[in-house]
Amino acid sequence: RGQGENYNRNNFSQIQEHLHNFPSQRSTTKNSTALAAWHRTAMELVMDVSKLWGRHRQSNPTSPQQFYRAVLLANDLVSKVLSIRESELDEEVDGTELRSIQHDNNEPRFTTSRKLTTELLAQTVALGFSRCDPKISSDAAYKAQELLDRLEEINIKHHRLKNKRNLSFKKGDVFPTARIYNHVLNCWSRSMISDAEKHATALLSRMASPHTEGVAFPRPDIFSYNNMLNLYASRGDVSAAEALLKKLEESENGVTADVYSYTIVMNAMQRRFLSGKGDRYMKDPQRAEELLARLVRKYEESGFTEGKLCPTSVTFGTVLSMYAAADRLRKENMSMNQSRSWLIRNVESSTQRIVSDVEYLGWGAENSERVLEWIIGLSERERRSRGIDSADGSHHHASGHDMFIRPCVQHFVTTSHAWANSGKGIEGAKRCESLKNRNISLYESTGYAELRPNVLLFGSLIDAYAKANEEEESAEHAERLLDEAENLFLHSHSSNPNERLSNIVYNQVIDAWSRRSLPMKEAGAIAGTRAENVLRRMMYNFRITGNEHMRPDVISYTGVMKAYINSPAGGGKALELLDEMNDEYMNGNRGAKPDTKAISVAIDACIKNGLSTEAERLFSGIDDSEKSIVMFNTILTGYKNEGRCNEAESVLRRMITLSDEGYANCSPNTLSYYLCIVALSKGKDEERATRGRILFNESIQRYRGGDSSCEPSTDLFNALAQVFSHSDMSCRENEVLTLLEEMESNGCTPTLESFNILIHTCSRAEANNTRNALQIAASAYNALDAAGLTADSVTYMSMIRAILNLMNDSEGKVEALTALFKKCCEGGFLNQHMINILAQDTTADEFQSI
């Protein structure tokens, strides 16, 4: 006891064993000294165990299960004490007629002090139940309610009793205060049982009633109502929370809403807004801001003196966060074809106008910045009104409370994140930079510690430039911002982790370069080199500072591999970096252990560099449970590039086997079948047309069987058409034409590539089928306009070959080629290859005429 040690299973067992020695009723002992000793011991044990959930609970870490056992132990002890109180009252009942009970509203009430009372013990246990994990302690609310019910019953018995002289306790020892009611309400608000709302509502109504059997129990206070608001919020019942808040604004039972009441309802709106469920309400940011405006208005009307109405940084931060997430959520809605109309920025305007999503790109970021400016303006008005000095926050006159509105660096970070993710590109990045400069300027002019710039502010700005565009200049600017952050925070010893550098900002700069690794040899090499330089810089700074948070991790190395992925040496670099990651991990860097994503990037890099054997080696080293469709499709891409159709189909069969064994992440999709079919088109298998059709039909069958990931696509049809075109099957042009008709019946629209494959197939028709093939090619070419497509160089080249190979009439051939050649020139698609083919396959006179 008293040593701050964790309670273990033996402690609990020993104490529970001693519980059997406690008297369950007073008659078990006539020794009042022994009874008092038992009582005092129980109290001390409860208060000792309660250290696990008291003010200093963080110094006594314990598992949720052990925590619940500790609260149950304390509950058993208090139950014993209550049994003693109940038995005393029962023994004092003399059987005479009870006197008429008159409730006196002026009767002084017992108030909680530091004295250990029975009520304080029950209150302590109720607090413990309110802090238990509701997933583990499903009956916590019932047990807390039972304690409260027993306390009330003891008070009612005590009130009825005429002769109280022989009792060992007074009314104040057992009279429940508002705190225990609020703890029980908190238990119900956190409970996951279905009827928790019914129990909480009943308890709140009981508190609001004038008296219970003549005893005036505590009336509900703002904490009581806030617990109800929490209950509604946790269940997503925003409407009920808003309705109760409205009543509190009008003074419910003499109780008025405070800043936490508004914050709870705003948080409920935020949870609904950020949820991925279908009940997301896109106007929640405006509604939350309206609540905030009502709170601020009340605070201003009080002359900035009503402390309970002063919005906190969290209150403002809730609205900022909602607007900051709005642009990202709008993109999600657009991707799901569920985009909705947005309101104008001014939420107080009664008029609404509907605008397109394109016009409102950055809508959330704009509103987030507008709210931030509002906070800054409010802070300045309150500061002047209350005579608060900017530099030290000191008061020049009595204000009634010590809180006041102040913007903080987190508000700037949130708004900066909004612009970084707004989709506004370089414009959004520049807005982030102006916010950073504004934050620094305000910090220097006001001296508010809350505005001290931190690493997160620079991180959001670096992230914005990383995502701004594909220009190298943006990545270079991100790297310059890293220089600035290093100057401020590299050697910082602040206790605030947000004011010390970590690998996060370095990883963001690496990400900036990896995003600029374009599929061009020079660009890929430059991006990879710059990203690796940042990695080496991070490693050096870690070594000179000893800051473990700056040590490169798996994200750092994966980012560099992604930067090298389009480099000619990208595969080799990826393998080197994997080896380095393993060495780092073996040397104690737990964060550098390669994960499946890192290995996937390395496999991709190897495939792009033609190192398929190394890619296969990496892939085979991954456990089946960690393999994914992305990895399989990457391997299939390598086989497709090399025309290794047998290996590709073998991988596909393995995917199906693993999927049937329960590895859902390995189930093949349309892309998997597409890659296998393309591998067939590049191979030389004599049966490729038959095998391609089997794979194609299998994909369609999986889709019709309920596998939506195998939905037919135009690319899948085109891949099979290529297989037919390259095969030796007879009348292949008819097969391709039939496939295009089948494409349309399956809801897929033929593309220019589809028509080009058909025309090219016709150009290679057999000698006995030239007339039919020429007719199909001409029909396909003439159908382009009706399909909304424009011929390209491939189309013209295929048609030229078709005319040269299929037409026997020399005069008609020259006429057709001349018309086609003219169209090709007008479209700007003439190239040297076409001229060479015409010169090779026509006479000099025909060529000159064309």
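Parameters and conventions
Residues numbered from 1 in each chain as written. Predicted model: local features only at pLDDT ≥ 70, side-chain atom pairs only at ≥ 80, totals over all residues. Heavy atoms only, no water. Helix = DSSP H or I, 4+ residues; strand = E, 2+ residues; numbered from the N terminus. Buried < 20%, exposed > 50% of the residue type's maximum accessible area, 1.4 Å probe, protein only. Contact = heavy atoms within 4.5 Å. Areas by Shrake-Rupley, 256 points an atom, 1.4 Å probe, with all protein chains shown as cover. Phe/Tyr/Trp six-rings, centres within 6.5 Å; stacked < 30°, edge-to-face > 60°. Lys NZ or Arg CZ within 6 Å of the ring centre and 35° of its normal. Expected span 1.5 Å × (residues − 1). Axes fitted to C-alpha atoms, helices over the stretch in contact; angles between N-to-C directions. Parallel < 35°, antiparallel > 145°, perpendicular 65-115°, else oblique. Nonpolar A, V, L, I, M, F, W, Y, C, P; charged D, E, K, R; others polar. pLDDT = per-residue confidence, 0-100. Patch = residues over 30% accessible without salt bridge, like charges linked within 9 Å, V, L, I, M, F, W, Y side chains within 5 Å. Salt bridge = Lys/Arg side-chain N within 4 Å of Asp/Glu carboxyl O. Lys, Arg positive; Asp, Glu negative; His and termini not counted. Charge placed at Lys NZ, Arg CZ, Asp CG, Glu CD. Disulfide = S-S within 2.5 Å.

## Overview of the overall build of the chain
Here's step 1: Summing up its helical and strand segments, the chain has 36 helices and 0 strands in all.
Here's step 2: Relative to its full complement of 850 residues, the chain shows a buried share of 51%.
Here's step 3: If you take every contact in the chain between residues at least 6 apart in sequence, the share linking residues at least 24 apart comes to 71%.
Here's step 4: Carbon and sulfur atoms provide 48% of the accessible area of the chain, an area that totals close to 40,300 Å².

## Regarding the packing of aromatic side chains
Here's step 1: One pass over the structure, following the stated rule, counts 12 aromatic pairs.
Here's step 2: Seen from their ring centres, Phe458 and Phe489 are 5.9 Å apart, and the 75° between their planes marks the pair as edge-to-face. You can see Phe458 sitting in helix H17 (residues 455-468) and its partner Phe489 sitting in helix H18 (residues 472-489), a full 31 residues away along the chain.
Here's step 3: Classification of Phe458 by relative accessible area gives buried; the value is 0%.
Here's step 4: Counting every residue linked through ring pairs, the aromatic cluster contains Tyr781, Tyr796 and Phe829.
Here's step 5: Across the ring face of Phe619, the terminal group of Lys627 is positioned such that the distance to the ring centre comes to 4.4 Å.

## Here's the deal with helix H4 (residues 118-130)
Here's step 1: Taking 1.5 Å of rise per residue, 13 residues should cover 18 Å, and H4 covers 19 Å from first to last C-alpha, within 8% of that figure.
Here's step 2: Counting buried residues in H4 gives 13 out of 13 residues, a clear majority hidden from the surface.

## What to know about unusual backbone geometry
Here's step 1: Unusually for a residue other than glycine, Phe304 sits at a positive phi of about 60°.
Here's step 2: With respect to the helices and strands, the residue Phe304 is situated in the loop between helix H12 (284-301) and helix H13 (313-335).
Here's step 3: For Phe304, a relative accessible area of 7% puts it in the buried group.
Here's step 4: With phi around 50°, Cys731 is a residue other than glycine that occupies positive phi space.
Here's step 5: Here Cys731 lies in the loop between helix H29 (714-726) and helix H30 (732-745).
Here's step 6: Taking relative accessible area as the criterion, Cys731 reaches 33% and is therefore assigned partly exposed.

## Let's talk about the environment of Lys298
Here's step 1: With respect to the helices and strands, Lys298 occurs in helix H12.
Here's step 2: The spacing of Lys298 and Cys310 is 12 residues in sequence and 9.1 Å in space, taken between C-alpha atoms.

## Let's talk about the packing of H12 against helix H14 (residues 363-386)
Here's step 1: With their axes 13 Å apart at the nearest point, H12 and H14 run at an angle of 5° to one another. Judged by the angle between their axes, H12 and H14 are roughly parallel. For the pair H12 and H14, the contacting residues are Gln286, Glu289, Leu292, Ala293, Val296, Tyr299 and Glu300 in the first and Trp363, Arg370, Val371, Trp374, Leu378, Arg381, Glu382 and Arg386 in the second.
Here's step 2: Its residues assigned to classes, the contact of H12 with H14 comprises 8 nonpolar, 1 polar and 6 charged.

## Observations concerning the confidence of the model for the chain
Interpreting fine coordinate detail is not advised for predicted regions of low pLDDT.
Here's step 1: On average, residues of the chain score 85 in pLDDT, and 86% of them reach the 70 mark or higher.
Here's step 2: Every residue in residues 1-5 is under pLDDT 50, and counting partners more than four places away or in other chains gives 6 contacts.
Here's step 3: This model gives residues 95-114 a pLDDT under 50, and the stretch forms 27 contacts once residues within four places in sequence are excluded.

## Considerations on a negative patch on the surface
Here's step 1: Negative charge collects at one region of the surface, where Glu470, Glu471, Glu472 and Glu473 lie side by side.
Here's step 2: Structurally, the position occupied by Glu471 is in the loop between H17 and H18.

## Looking at the environment of Lys171
Here's step 1: Here Lys171 shows up in helix H6 (residues 171-174).
Here's step 2: Taking the relative accessible area as the measure of exposure, Lys171 reaches 28% and is therefore partly exposed.
Here's step 3: Along the primary structure Lys171 and Asn155 are separated by 16 residues, whereas in three dimensions their C-alpha atoms are 7.2 Å apart.

## Structural notes on the packing of H17 against H18
Here's step 1: Viewed as axis vectors pointing N to C, H17 and H18 meet at an angle of 170°, and their least axial separation amounts to 8 Å. When the interaxial angle is binned, H17 and H18 end up roughly antiparallel. Between H17 and H18, the residues in contact are Val455, Phe458, Leu461, Ile462, Tyr465 and Ala468 and Ser474, His477, Ala478, Leu481, Leu482, Glu484, Ala485, Leu488 and Phe489, respectively.

## Observations concerning helix H25 (residues 629-642)
Here's step 1: Given a rise of 1.5 Å per residue, 14 residues ought to cover 20 Å, and the 20 Å separating the end C-alpha atoms of H25 matches this to within 8%.
Here's step 2: Most of H25 is tucked away, with 10 of its 14 residues classed as buried.
Here's step 3: Buried residues in H25 make contact with helix H23 (596-608), helix H24 (612-620), helix H26 (645-660) and helix H27 (670-682).
Here's step 4: Downstream of H25 by a residue or two, Gly643 has a phi angle that is positive, lying close to 70°.

## What about the pattern of salt bridges?
Here's step 1: For the coordinates displayed, the defined rule picks out 47 salt bridges.
Here's step 2: When the shortest N-O distance is used, the salt bridge between Arg383 and Glu380 registers 2.6 Å. Highlighted residues: Arg383 and Glu380, both in helix H14, separated by 3 residues, approximately one helical turn.
Here's step 3: Judged by relative accessible area, Arg383 falls into the buried class, the value being 17%.
Here's step 4: Salt-bridge contacts for Asp511 lead to Arg515; the nearest nitrogen and oxygen are separated by 2.8 Å.
Here's step 5: A relative accessible area of 40% means that Arg515 is categorised as partly exposed.
Here's step 6: Through salt bridges with shared partners, a single ionic network connects Glu476, Glu479, Asp483, Glu486, Arg530 and Arg537.

## Focus: the side chain of Glu479
Here's step 1: Take Glu479: it is sitting in helix H18.
Here's step 2: Leave out the neighbours within four places in its chain, and Glu479 touches Val509, Trp513, Arg530, Val534 and Arg537.

## A few points about the state of the cysteines
Here's step 1: By the definition in use, this model includes 0 disulfides.
Here's step 2: The closest cysteine sulfur to the non-disulfide-bonded Cys825 is located on Cys824, 5.6 Å from its own sulfur.
Here's step 3: Here Cys825 falls in the partly exposed class, since its relative accessible area comes to 35%.

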